[in-house]
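Examining the three-dimensional arrangement
The primary structure of each chain is shown beneath.
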Amino acid sequence: MTLVAADTAWVLISSALVLFMLTGLALFYGGMVRRKNVLSSMMHSFVVMSIVGVLWIIIGYSLAFGTGNKFIGGFEHLFLNGIDHNSVTGTIPTYTFIAFQGMFAIITPALISGALVGRIKFISYILFIILWSLIVYAPVCHWVWGGGFLTGEALDFAGGTVVHITSGISALTMLVFLGKRRGYGVDVIKPHNVTLTLLGTGLLWFGWFGFNAGSALAANSIAALAFMTTFVAPAAAGLSWMTVEWINRGKPTALGFATGILAGLVVITPAAGFVTPTSAIIIGLIAGILCYSAVMLKGKLGYDDSLDVFGVHGVGGITGALLTGVFASVGGTGLLLGNPYQLYLQFEGVIITIIYSVICTLVIGFVIEKIVGLKVSINEENVGLDQTQHGEKGYNF
Amino acid sequence: MTLVAADTAWVLISSALVLFMLTGLALFYGGMVRRKNVLSSMMHSFVVMSIVGVLWIIIGYSLAFGTGNKFIGGFEHLFLNGIDHNSVTGTIPTYTFIAFQGMFAIITPALISGALVGRIKFISYILFIILWSLIVYAPVCHWVWGGGFLTGEALDFAGGTVVHITSGISALTMLVFLGKRRGYGVDVIKPHNVTLTLLGTGLLWFGWFGFNAGSALAANSIAALAFMTTFVAPAAAGLSWMTVEWINRGKPTALGFATGILAGLVVITPAAGFVTPTSAIIIGLIAGILCYSAVMLKGKLGYDDSLDVFGVHGVGGITGALLTGVFASVGGTGLLLGNPYQLYLQFEGVIITIIYSVICTLVIGFVIEKIVGLKVSINEENVGLDQTQHGEKGYNF
Amino acid sequence: MTLVAADTAWVLISSALVLFMLTGLALFYGGMVRRKNVLSSMMHSFVVMSIVGVLWIIIGYSLAFGTGNKFIGGFEHLFLNGIDHNSVTGTIPTYTFIAFQGMFAIITPALISGALVGRIKFISYILFIILWSLIVYAPVCHWVWGGGFLTGEALDFAGGTVVHITSGISALTMLVFLGKRRGYGVDVIKPHNVTLTLLGTGLLWFGWFGFNAGSALAANSIAALAFMTTFVAPAAAGLSWMTVEWINRGKPTALGFATGILAGLVVITPAAGFVTPTSAIIIGLIAGILCYSAVMLKGKLGYDDSLDVFGVHGVGGITGALLTGVFASVGGTGLLLGNPYQLYLQFEGVIITIIYSVICTLVIGFVIEKIVGLKVSINEENVGLDQTQHGEKGYNF
Amino acid sequence: MKFIIAIIRPERLDAVKHELQKVEVNRLTVASVSGYGAQKGYLEVYRAFKHEVNLLEKIKLEIAVNDDFLQPTIEAIQKGAKSNEKGEIGDGKIFILPLEDVIRISTGEVGFTAI
Amino acid sequence: MKFIIAIIRPERLDAVKHELQKVEVNRLTVASVSGYGAQKGYLEVYRAFKHEVNLLEKIKLEIAVNDDFLQPTIEAIQKGAKSNEKGEIGDGKIFILPLEDVIRISTGEVGFTAI
Amino acid sequence: MKFIIAIIRPERLDAVKHELQKVEVNRLTVASVSGYGAQKGYLEVYRAFKHEVNLLEKIKLEIAVNDDFLQPTIEAIQKGAKSNEKGEIGDGKIFILPLEDVIRISTGEVGFTAI
Ligand SMILES: Nc1ncnc2c1ncn2[C@@H]1O[C@H](COP(=O)(O)OP(=O)(O)O)[C@@H](O)[C@H]1O
Ligand SMILES: Nc1ncnc2c1ncn2[C@@H]1O[C@H](COP(=O)(O)OP(=O)(O)O)[C@@H](O)[C@H]1O
Ligand SMILES: Nc1ncnc2c1ncn2[C@@H]1O[C@H](COP(=O)(O)OP(=O)(O)O)[C@@H](O)[C@H]1O
């Protein structure tokens, strides 16, 4: 096919927007941790841009989008071999497709970091994202988008399964190794700067338009639809989270509202180009309530998913994948239009992804634990990771 | 008409930029309040995204852009009834037009919050923006852009009247109910973090390119013109504000400079696609001086328009609307090109909007005051709205 | 030629992105200074938007892109004389070309401010950027891009020479007049808020996509290439900086990593549309190490280039210009493809620019020193520039 | 010599400084603190965690004075720190500690001329 | 009357407040400080500069008490501030200073009823 | 035992710590404060409001010492805190308060071994 300039412009800016989400994530997470861990937490998002960025060019793209087999791509595009600036994918330059997809490969492991903050060694974190990108992300991406066995079966517009379920589930799995932060449940660990988290939320939403509407890979009516649903679903989810929190806890918090927005962004991701705006509002309202409940449950069960990666990305991703099978009406047909089979396919995709993510993450965690260890010492945890892992402090006189 | 991909791409990204302005506004305002009110102030901008976002789909769009009569649209597009992802408006998907316009409906009430910070109850604020959106914004939007009685008469490129005059005047009107913050005029209420305000200014300017140049609804030469004027007018206004402040108060402050930039953004909004870059510089220079004077006047008159919504948006919006009638030379003819009638039309639009905004806001304020009350207690004001309205603090150890 | 809507959309959004970099720069620099100088430092970036923005319309554009001679443009476009919104340059509106180029003219002097923070008078800074824009930036821009004697000779895709070498060298030169900050070398002057610097880094990278990929002036395959290299080179540079720092100093710091990212952005600027992604990774790796070494050298030599403008922009710009001559393979042929002459041309461009920048900056510095003086008093330096130059504080109770 | 520590409301700082200036006490040190006392606190909610806090933002003043300045200083603080004529809960407290010596770093002066 | 200054770990603040409430000490002032002591510090690196720091984040409590409250208050702080049964380096210190007088700003009360 | 409170310039903190280490005083608490004294202040302008402030950023050190360490500690602070040989206005002050007791939380030690 030939290059369409308008589509190129749209996917270029969308790619930039998705990379910008990493900064948003750094702030979103960074604001929620304590002062002594703020740089460590932000670095978890920043360093992924470097490491997975380079890795994607070297091998990641080839594994995810190379021809390969049903399970994984091949090695034909190592170092982007066989591609130059004149190559075209769909109506856009292949380089632009690679860049856009690369941003997705970057943000996914970074999401996991929210469960690890405050206690993982920096070197172990780096090892983790390298292994996880290659062993979990690249295959699942290949299954769903790269010609693998889920391609054309499970609907996943912009990564509900590929991005959010994998990361949410893996985050939870890593707690097997990392346990709780010191003082968790005894002391109240409060966010050190909620304004950072709010700013991060704004950046994430802004970037998410590129994430979802960019996934149309063209400046067309599907992009317009995905944009619209990415606008209204988080709005609705923020509203429903705020409402249940207000009723249930007595106050509508800013942190809760921001989390609701995020839950809405997550839930609409798989559905963005498949459902109407009104369905998106309903999906958003549901997500706000479900993710809220999941986060509250954590309080009861007492595991330390520090920044609620599972509660938001895991639960939100699963909810979104399933509701896509319910509400799909554009470019796909869901349960409500009389196609229960789609819901089955969604369910299948979710289950397989969950099982695969759990197993691989357990293996990865185990290996890193053996080689360099995962958790910092109690003393380092007390002092904070900024000083002990990075030799600096976030704030100075 | 048929969809043009390039125009779609441009309005999509412009829509995202306008929504991003809410984050900018949250920072701009949030930095200027005291620490104890920072989340409350930021939430004023954030919560509007949810509430008016959902409301716009349910009914707002229909009221503003439905056929209806000269005064208000109808109910034919409730829940976007009759529109799907293949609908086209001009050269872009109707969904994109709706999203873009929805962002304007969101930011307008949020602007008002700057006058209410530090003393309005959160529940009352929510009621206020719901009522105000439906009673003030939707009709005025219909008059000017939706086929109402000012459409094609008063020139308003991107919302000088619809956005800035309505919000600036309504902000001032609300002071009838809210009075002053405790300690106003006695204690000096200083901005708690000017770096947030500067960052907010940067975000607002960035987003404003979408606001103004996006209002061309196409990636054409008018968008290019509007972009250019949105670049130079704020530059000029920042300069003139800084200069008069330097002369008048002895120092060129960062806060003043940022406010000048904002005044320039406001003033060029109605004129953006109608005037040359050189005219834009002149308009900007004038705005910097006029808004500066308006803000200084507040200091003399002693009303507590906390973050100068009237001084900047009210005065800037009126100045812009009138100067558009003076300088218009592209797609319209102003006074300087020998058409005093345009200035008359502008004047008429301004007056009608002011009167309408004042009356409706008085009614809305009165109703809310009766139902739930507007102002928090003195004790809650002392403690701060973050703790009393949201149950959290912006900054923790 | 006729206007292409997609190219227009792309260059419009790119222009907005470049202006947004100023906010990023303000944060990047502002986070690194001490609390008492944060607003002063941020204002250094913000005020340039106003001053050079207006100046560019009045005369800058004409000097840089007017016909003129080999050395400098003429006066035919004063106040954009002869251009209206229907004028076209390439495939985009001339206004858009002017705006895009104007953003480059703005950011370049702002970069220099990193060497001047904490001790330059605000009035002198303003004089400096006015003179420097006209005397250094406009001519060099004309040489390389405006039809001057380097046009079509030295390859400079997006401003390695025009932007980074001029600013990096001039920064170093200004130290002749400004010397060290009080206490430099005795006290450790630590960044007051590294989170601001990280946020700034994110903004800069985001904006840089507009800077580099926008420089294709069209939404085409070269833009796609430039986007890709702007993605991977900083990723690689962050990685190599982090690695050498980790080995050499024992810790991988967030500040170091951010600086590495920036070095990668700088180095790829001249090369962005001329080299393959794999070359970009190599170039990035080299830049991280070289700029790291340059910054370490400062610690040894003891001059006070406060925020390492020379170490990053000077050294990075020179490295990038030369490596472009080595790796160029698209739209140009470098050493590796058997064309040593290109490397010679690059070298020539670098040398001429360095000499010219040093001489002019010395003259400018000398003149300002004579007229109003450059440095604040010791007492003002102690108290901080926020209070003494701007009459305000960044943070209040 | 006495070392006075006063906890006041942030919004009264300027008024207190004003009153102090009137009695020619123009040296002091100010810090941002949180306080906890008779004034009622609030409930905070952070996602899964809900807890009672009563830490409110306050300003701490520290003023070293010679004995003859003690009474005027205390009265000035009281005057400036009161929210209104009758005073409100949360207006704060003044603590008076003994001070044995003072040294002015720049000149090396000690004792009551150094204050 | 005594003026107690305690330096504790930030993460123990809530536990200390809890213990204090049990002994009915419900007035105190809290500040964010940095500390330096037996607890080992770390190396900091900022671009060209590398230097040893040992300033760690701590919380400072200030509590004015009447003499009969002194002992219970100290015990409560100790109980709440200990990282674990045996205590760890860095758990902090308690300083006891003499307090000559207290004044409650709102009411003008002085002395031990004002505490 | 004495409780030393010193107000110094932020930029002198490292020098002071250095000097203290030389005399083997390696325990202290640091806080960020604002000060007001002989050093001239500045005018602040926030939109419609203009007002004279003279609050400048300072660092407050608190050091508890046994009596025999008092003199060396004071001298070390003075040495480190001076902007230059002759000293400048704004270099700060040192206040010496009586200290009745110290308790080390981790071990329960009291008195002069606990310092
Ligand atoms: N005994 C005390 N010890 C330490 N700080 C105290 C004490 N009593 C009061 N404070 C401080 O003074 C502030 C105001 O006291 P509070 O009891 O709230 O009101 P009031 O001024 O009416 O006594 C508190 O927030 C706290 O910081
Ligand atoms: N002599 C002292 N003077 C002032 N502050 C001290 C003193 N000794 C300890 N501190 C404060 O107490 C904190 C904890 O003390 P440290 O020696 O680290 O552990 P420990 O609690 O085991 O004694 C220090 O960080 C410091 O803030
Ligand atoms: N009497 C005092 N009480 C409390 N703090 C004081 C007193 N005198 C000075 N300070 C503190 O010391 C700082 C430095 O004092 P200053 O008078 O400015 O300079 P100098 O060091 O020359 O005396 C002040 O900013 C203030 O924080």
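Numbering of residues begins from 1 in every chain and follows the order in which that chain's sequence is written. A letter from A marks each chain and a number from 1 marks each ligand, given out in the order of writing. Side-chain atom pairs in this predicted model are given and counted only at pLDDT of 80 or more, local residue features only at pLDDT of at least 70, and totals for whole chains, interfaces and linings cover all residues. Think of the side-chain values as coming from all heavy atoms in the structure, minus any hydrogens and water.

In the nomenclature of an unreviewed UniProt entry, chain D is known as P-II family nitrogen regulator of Candidatus Methanomarinus sp.

Points about the packing of helix H2 (residues 38–65) of chain C against helix H4 (residues 122–145) of chain C
Residue and element names in this part refer to chain C. Relative to each other, H2 and H4 sit at 40°, their axes nearing to 9 Å. As far as their axial angle goes, H4 and H2 are oblique. The way H2 lies across H4 gives a crossing that is right-handed. Structural elements are reduced to axes, namely lines fitted to C-alpha atoms, with helices fitted over the stretch in contact, and the angle between N-to-C directions of any two is expressed from 0 to 180 degrees. The secondary structure listing takes helices from DSSP runs of H or I that are at least 4 residues long and strands from runs of E that are at least 2 residues long, numbered from the N terminus. The labels follow the angle: roughly parallel below 35 degrees, roughly antiparallel above 145, roughly perpendicular from 65 to 115, and oblique for the rest. Note on convention: near helix rotated counterclockwise from far helix by under a right angle means a left-handed crossing. Clockwise means right-handed.

Re the relation of the copies chain A and chain C
Least-squares fitting of one copy onto the other uses the C-alpha atoms of those residues that reach a pLDDT of at least 70 in both copies. Structural alignment of chain A on chain C gives an RMSD of 0.0 Å, achieved by rotating through 120° and translating 0.0 Å along the axis. Expressed as a symmetry operation, the mapping of one chain copy onto the other fits a three-fold axis. Among all C-alpha atoms of chain A, that of Ala6(A) lies closest to the rotation axis, at 2.7 Å. Contact between two residues is taken to exist if any of their heavy atoms lie within 4.5 Å; hydrogens are not considered. Residue by residue, only 13% of the interface of chain A is reproduced at the interface of chain C, so the copies engage with different surfaces.

Some remarks on the interface of chain C and chain F
Contact residues are listed per partner, giving 17 residues for chain C and 17 residues for chain F. Summed over both partners, buried area is the accessible surface (1.4 Å probe) that two parts give up on being assembled. Taken together, both faces of the contact between chain C and chain F bury some 1600 Å²; the carbon and sulfur share is 37%. Note on definitions: salt bridges are taken to be side-chain nitrogens of Lys or Arg within 4 Å of carboxyl oxygens of Asp or Glu. As a salt-bridge pair, Arg35(C) and Glu57(F) come within 3.5 Å of each other at their nearest N and O atoms. Counting of polar contacts relies on pairs of N or O atoms within 3.5 Å, with two restrictions inside protein: one atom must be capable of donating a hydrogen and the other of accepting it, and residues adjacent in sequence are counted only when both atoms are side-chain atoms. Linking chain C with chain F are 6 residue pairs in polar contact (both at pLDDT 80 or more), by the criterion used here. With 4 residues, the top contributor of residues to the side of chain C that touches chain F is helix H12 (residues 378–383) of chain C. Residue classes follow a fixed rule: Ala, Val, Leu, Ile, Met, Phe, Trp, Tyr, Cys and Pro count as nonpolar, while Asp, Glu, Lys and Arg count as charged, and any other residue, Gly among them, counts as polar. Here the side of chain C that touches chain F is composed, by residue class, of 3 nonpolar, 6 polar and 8 charged.

Looking at the site of ligand 2
Taken together, 22 residues lie around ligand 2, and Tyr36(E), Ala38(E), Gly92(E), Thr29(F) and Arg104(F) are the ones closest in. Any residue with a heavy atom positioned within 4 Å of a molecule or strand is treated as near that molecule or strand. More than one chain approaches ligand 2, the contributing ones being chains E and F. With respect to ligand 2, the backbone of Tyr36(E) contributes an N or O atom lying 2.8 Å from an oxygen atom. Between Lys93(E) and ligand 2, the recorded distance is 3.0 Å, taken from a side-chain N or O atom to a nitrogen atom. Using a 1.4 Å probe, the Shrake-Rupley method yields the accessible areas, and only the shown protein chains count as cover for residues. Protein chains shield 99% of the accessible area of ligand 2, which is 550 Å² for the free molecule. Elements supplying a minimum of two residues to the shell around ligand 2: strand E2 (28–36) and strand E6 (93–98) of chain E together with strand E2 (28–36) and strand E5 (56–65) of chain F. Sort the elements by how many residues they give to the shell around ligand 2 and E5(F) lands first, with 3 residues. Classifying every residue of the shell around ligand 2 by side-chain character gives 9 nonpolar, 7 polar and 6 charged.

A word on helix H1 (residues 13–22) of chain F
At 3.6 residues per turn, the α-helix brings residues three or four places apart onto the same side. Think of it in three bands: residues with accessible area under 20% of the maximum for their type are buried, residues over 50% are exposed, and the middle band is partly exposed, with areas taken using a 1.4 Å probe on protein chains only. With 7 of its 10 residues buried, H1(F) lies for the most part within the structure. Within H1(F) the residues assigned to the buried category are Leu13(F), Asp14(F), Ala15(F), Val16(F), Lys17(F), Glu19(F) and Leu20(F). Of the surrounding elements, those touching the buried residues of H1(F) are E2 and strand E4 (49–53) of chain E together with strand E1 (2–8), E2, E5 and helix H2 (67–81) of chain F. Glu24(F) sits one or two positions beyond H1(F) and adopts a positive phi of about 65°.

A closer look at the pattern of salt bridges
Counted under the stated rule, the structure contains 37 salt bridges over all chains. Between Asp304(C) and Arg181(C) there is a salt bridge; the shortest N-O distance is 2.9 Å. Of this pair, Asp304(C) sits in the loop between helix H9 (277–301) and helix H10 (309–327) while Arg181(C) sits in the loop between helix H5 (160–178) and helix H6 (194–213), placing them 123 residues apart in sequence. Here Asp304(C) matches Arg181(C) in class, with each residue buried. For Lys2(D), the salt bridge identified is with Glu100(E), shortest N-O distance 2.7 Å. Of this pair, Lys2(D) sits in strand E1 (residues 2–8) while Glu100(E) sits in the loop between E6 and strand E7 (101–104), each in a different chain. What makes Lys2(D) buried here is its relative accessible area of 16%.

Quick notes on the environment of Ser50(A)
Among the secondary structure elements, Ser50(A) is positioned in helix H2 (residues 38–65). The sequence separation of Ser50(A) and Gly391(A) amounts to 341 residues, and the corresponding C-alpha distance is 20 Å. The residues touching Ser50(A), leaving out its near neighbours within four places in the chain, are Pro234(C), Ala235(C), Gly238(C), Leu239(C), Phe257(C) and Ile261(C). Within polar-contact distance, the side chain of Ser50(A) engages the backbone oxygen of Ala235(C) at 2.6 Å.

Examining the site of ligand 1
Within the structure, ligand 1 sits among 22 residues, and Tyr36(D), Ala38(D), Gly92(D), Thr29(E) and Arg104(E) are positioned closest to it. Around ligand 1, the neighbouring residues derive from chains D and E rather than from a single chain. Gly90(D) is positioned with one of its backbone polar atoms (N or O) 2.9 Å from an oxygen atom of ligand 1. Residue Ala64(E) places a main-chain N or O atom 2.9 Å away from a nitrogen atom belonging to ligand 1. Burial of ligand 1 by the protein amounts to 99% of the accessible area it has alone, namely 540 Å².

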